[in-house]
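Fold and geometry: a report
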Amino acid sequence: MAVTAFCRKCGKEIRPGATCPTCGSKLSAPHTLWRISRRPVLSWTCWNAPLRLALPALFLVGLALLGAELTAGPGGLQRFLDGSMPALLGWMLAGLLFAVGLTLFLQGKETLEIAADKTGVTMRVLLPKPSAVQLLAHFRSPRLLRDESQRMEYGLQADERRVAWKDVRRVQLWPEKGMFLLYGPRWWLRMAVPCDEEGWREMSALVTEKLGHKKGANVPASMRAVPKAKPSGKRSKPPAPVHDGYQEDFMADIARMNAEMNGENSDL
């Protein structure tokens, strides 16, 4: 992991500065960068993206068909269960899972390039060995193979997403997968950010800095910033002296003994 800046014209991450030393274009703000390789068909987040929309839609279709049978008169539920509609819905579900799994399988192996800074998180999907089938599985045109502006250092850019910290309302951790889940609003997953060891530390520091003090953001307790104590503006009085009773009695005894000795000396 390194601190770099991105040149959009060259498509490369280079040393931070004002302009690119190769083409002279203006560079992005410095950010922390790390890369993660994955196969989408084995990734929970890749399955979650289409199914969180398709499954509720299929469920609503089933409820609508059941509601139509119930309004037709008594015995509507039994007619619905005895009919062909439950089997049809089951086949639709199986077809949906097969289509999503096949699409993710055809996407092949990809590299995620994650850049995090004080404004937000950017994630690029790079294809190290792109093909027309891979691009179609990513819902991109095969003509992108001839677009040199999308060629990056670690592959062809198939997708780019960005989430600003100001739009994040909830952060969840998935330590087993080394992943930060960013929500905005609280019920909608905007981005799942995989991290290596150094990326995890960087994301933790940024979440604490940017969202730890934010009242409208729900973040893990370990990343909630501790509020600083405000100065009261009043001078603190020095503590009152504590009188030692034993010492006072001892001094009184010494004074009495001195007085007695003085009296005896005067008699002599």
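To keep things clear, this report deals only with the structure shown in the data block.

Scoring rules and cut-offs
Residues numbered from 1 in each chain as written. Predicted model: local features only at pLDDT ≥ 70, side-chain atom pairs only at ≥ 80, totals over all residues. Heavy atoms only, no water. Axes fitted to C-alpha atoms, helices over the stretch in contact; angles between N-to-C directions. Helix = DSSP H or I, 4+ residues; strand = E, 2+ residues; numbered from the N terminus. Parallel < 35°, antiparallel > 145°, perpendicular 65-115°, else oblique. Left-handed = near helix turned anticlockwise from the far one by under 90°. Contact = heavy atoms within 4.5 Å. Nonpolar A, V, L, I, M, F, W, Y, C, P; charged D, E, K, R; others polar. Polar contact = N/O pair within 3.5 Å; in protein donor to acceptor, adjacent residues only side chain to side chain. Salt bridge = Lys/Arg side-chain N within 4 Å of Asp/Glu carboxyl O. Buried < 20%, exposed > 50% of the residue type's maximum accessible area, 1.4 Å probe, protein only. 1 Å grid on protein atoms, 1.4 Å probe; cavity = no way out; pocket = protein on both sides within 12 Å on 5 of 7 lines; lining within 4 Å. Points joined across faces, edges and corners; volume = space filled by probe spheres on them. Expected span 1.5 Å × (residues − 1). Arc of directions from axis to C-beta.

Overview of the packing of helix α1 (residues 44-71) against helix α3 (residues 85-106)
- One way to put it is that α1 packs onto α3 with a least axis distance of 11 Å and a crossing angle of 165°. If you check the angle between α1 and α3, you find them roughly antiparallel. Classified by chirality, the crossing of α3 by α1 is right-handed. Residues C46, W47, P50, L51, A54, L55, L58, V61, G62 and L65 of α1 pack against M85, L89, M92, L93, L96, L97, V100, G101 and L104 of α3.
- Classifying every residue of the contact of α1 with α3 by side-chain character gives 17 nonpolar, two polar and no charged.

What about the side chain of E110?
- As for its position among the elements, E110 is in strand β4 (residues 110-116).
- At 2.7 Å, the side chain of E110 and the side chain of R38 are in polar contact.
- At 2.9 Å, the side chain of E110 forms a polar contact with the side chain of H138.
- If we skip the residues at most four places from it in the chain, E110 touches I36, S37, R38, P40, V125, L126, L127, P128 and H138.

Focus: the pattern of salt bridges
- Within this structure, the stated rule accounts for 10 salt bridges.
- Across the salt bridge formed by R79 and E69, the nearest N and O atoms sit 3.4 Å from each other. Residue R79 is found in helix α2 (residues 76-82), and its partner E69 is found in helix α1; the two are separated by 10 residues along the sequence.
- For R79, a relative accessible area of 37% puts it in the partly exposed group.
- Three or more residues joined by partner-sharing salt bridges are found here, namely R35, E113, R124 and E160.

Observations regarding the layout of surface pockets
- Its volume calculated, the largest pocket comes out at about 590 Å³.
- Lining the largest pocket are 26 residues, with R38, T45, C46, A49 and R161 positioned closest to its centre.
- Looking at which element gives the most residues to the lining of the largest pocket, the answer is α1, with six residues.
- Per-class residue counts for the lining of the largest pocket are 14 nonpolar, five polar and seven charged.

Points about α3
- The terminal C-alpha atoms of α3 lie 31 Å apart, and with 22 residues this matches the ideal 32 Å at 1.5 Å per residue to within 8%.
- The complete set of buried residues in α3 reads L89, V100, G101 and L104. The buried residues of α3 all sit within an arc of 105° when viewed along its axis, so they share a single face. Those residues of α3 that are exposed and aimed more than 90 degrees away from the buried face are W91, F98 and F105.
- At its buried positions, α3 is contacted by α1 and α2.
- Once α3 finishes, G108 follows within two positions and takes phi at roughly 70°, a positive value.

From the geometry alone we can't say anything about function, so treat these as descriptive.
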